[in-house]
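Chains, contacts and geometry: an overview
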Amino acid sequence: MATKVVYFTVDGKPEQAEFRSDDTADELKDTFRAAAEANSDDILKLYNTKGNLINISPKLPENTPDTRYKLEVVALHCNDNVLATQFGVVIKDLESRIEMLEKKVFVENGEIPPVVGELKHKVEHLREKLEGVDHLSWLGLFKDISCGTSLKPFWDKTQSIKKTEEHNRMVFEKFKKISQVQVTDEVREYLRKPTFDNWQWDDPEMIILLRQMYIDLDLVSKFNIEMNVLHQWLYEIYKNYNQVPFHNFKHCFMVAQMMYGLTWLIDLRSVLDDVDIFILLTSAICHDLDHPGYNNAYQINAKTELALRYNDISPLENHHCFVAFEILQKSHCNILRNVSKEDYKRIREGMIRCILATDMAKHNEILNNFKSVMKNFDFKSQEHKSLLLMILLKVADISNECRPMDVAEPWLECLLQEFFNQSDMEKLEGLPVAPFMDRDKVTKSSSQIGFIKFALLPLFEALRELFPVIEKDIIQPVRAALEYYTDMQKALEEEKKKGREAAKQRMDKDVIKSKIQT
């Protein structure tokens, strides 16, 4: 087995480590933790000679003693064991001691001196402060923004589809606590990349990052959005995403983040005006509001209220638009209340057009219309620009396969879970079941190969004709994903073939044995 040797420093002390090519990222990190005498809860960061953050993974390039990496123990999670190590005391023990002291003093003196109450208050304050350290995590202290996720998909099928008021209140309280802290330049830069890993960020942190998008694109100043109104709007958006496996707030964030990333990658602000940029980002955030986890086919076949209300015409997408503008009707979260009537009309029309375009039933029609104007595309043409905005949102909406596999694959698992939930319900209700949603017929690889070949690549390649710069960051990862799932499918088919051959051999042996016995 091939091995690698890497050289690095910890607190200025030279170290070296040897690892095998088949070691996992966690095994490699354990080696670094041992060298740094770090706790298992500690977060490690590795820098190259240029000071750039690099991925701690088996793909880590070999180096020399003259080009040592720099290993830092950046921060730690505040649990009781870590507190004991760092501060020489376990908070729970301290609270227990104060409680015992309180009882003893009361028994001996018949009353509690004020100093004991003050001490108790200070310990409670210390606990709150330490527990609040994780509010700084989104600054980059606890986030390994150089490598893949170590977290699992969040979906728990025992959850209710609607968030509870208590849950929403807790999220908003944490959001308020961290809202005064400035996002670091490192995180702001990472937020612009298609490789962004959502699995390392919790909901309040993602709300903060959505706010940062509006700030860094100058939308707050250009549309005169009051910060407290933006906060309330983002919170209302959060509340109106359901707890379904895929079409949830995290999906909303990832679509918005890809749209934000494309804005910087392509430099959309050089070819589109502020209203167009606002339409794109806001549509991305609103595009799946109140999604029930069951697609349009189910809505129509089951004759749901949404299908009846919208006459079987894109019932979900029409509903998403309705909820988006219903939220904007509330004065305390109307981020459009300071725009002109003309801009409001244009924004509303643009958002409706873009969100309705995310109905995959319209995919080929919209893509063909876009291709028809590509040769003579005119950024001054409203028709051409409208098509471009629809295409951009569609790209962002189905862009998971542009991301690293350890980010994208958990999203596929969430999507398949939502599909399987629907197909199970359709079977129970005697409704038509799409083969690509049937848990008895589909696999991860089979679900992706056709989708990438016939939906993703044609769409992304059409956009590349207008913006060649997306080739490296958008097109190439999708091709790599297609190769990955194609190899996976071949392996599955080979395994099935071996299974059939083994079964045939067993059957032949049984026949021979039976003939001998007779």
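Refer to the structure above for everything that follows.
Residues take numbers from 1 onward in each chain, read along the sequence in its written order. It should be noted that, the model being predicted, local features are given only for residues of pLDDT at least 70 and side-chain atom pairs only at 80 or more, the latter also being counted only at that level, while totals for whole chains, interfaces and linings use all residues. Water and hydrogen atoms were dropped before computing side-chain values, which therefore reflect all heavy atoms in the structure.

Here's the deal with the pairing of strand β1 (residues 3-10)
Pairing geometry for β1 and strand β2 (residues 13-20), over eight bridges, is antiparallel. When the bridges of β2 are listed, V5 appears paired with E18. At least two bridges found by DSSP between two strands is the condition for calling them paired. In this text, helices come from DSSP runs of H or I with a minimum length of four residues, and strands from runs of E with a minimum of two, each type numbered from the N-terminal end.

Re the packing of helix α17 (residues 382-397) against helix α19 (residues 444-466)
Lines are fitted to the C-alpha atoms to define the axes, a helix being fitted only along its stretch in contact, and any angle between axes, read from their N-to-C directions, falls within 0 to 180 degrees. Across the interface, α17 lies against α19 with an axial gap of 10 Å and an inter-helix angle of 130 degrees. The angle between α17 and α19 places the two elements in the oblique class. Crossing geometry of α17 relative to α19 is assigned as left-handed. Across from L388, I391, L392, K394 and V395 in α17, the residues of α19 making contact are L459, F460, L463 and L466. The residue classification treats Ala, Val, Leu, Ile, Met, Phe, Trp, Tyr, Cys and Pro as nonpolar and Asp, Glu, Lys and Arg as charged. All others, Gly included, are polar. Partitioning the contact of α17 with α19 into residue classes produces eight nonpolar, no polar and one charged. Any angle from 65 to 115 degrees is called roughly perpendicular, while one under 35 is roughly parallel, one over 145 is roughly antiparallel, and all others are oblique. Here a crossing is called left-handed whenever its near helix is offset anticlockwise from the far helix by less than a right angle, and right-handed whenever the offset is clockwise. Note on contacts: a residue pair qualifies if any of its non-hydrogen atoms lie within 4.5 Å across the two residues.

Comments concerning the side chain of R464
Note on placement: R464 falls in helix α19. Pairing of N or O atoms within 3.5 Å defines a polar contact, subject to two protein rules: one partner must be a possible hydrogen donor and the other a possible acceptor, and residues neighboring in sequence count only if both atoms are side-chain atoms. At 2.9 Å, the side chain of R464 forms a polar contact with the side chain of E471. Contacts of R464, omitting those with residues within four sequence positions, involve I470, E471, I475 and R479.

Notes on the nonpolar core
Counting residues in hydrophobic clusters, the biggest one holds 114 residues, and the most contacted among them are Y214 and W233. With 11 residues, the single largest contributor to this core is helix α10 (residues 249-266). Only buried residues count toward a nonpolar core. Its members are Ala, Val, Leu, Ile, Met, Phe, Trp, Tyr and Cys residues joined through side-chain atoms within 4.5 Å. Accessible area is worked out with a 1.4 Å probe on protein chains only. A residue is then buried under 20% of its type maximum, exposed over 50%, and partly exposed in between. With 16 residues, the next largest nonpolar core counts A17, L44, L46 and Y69 among its residues.

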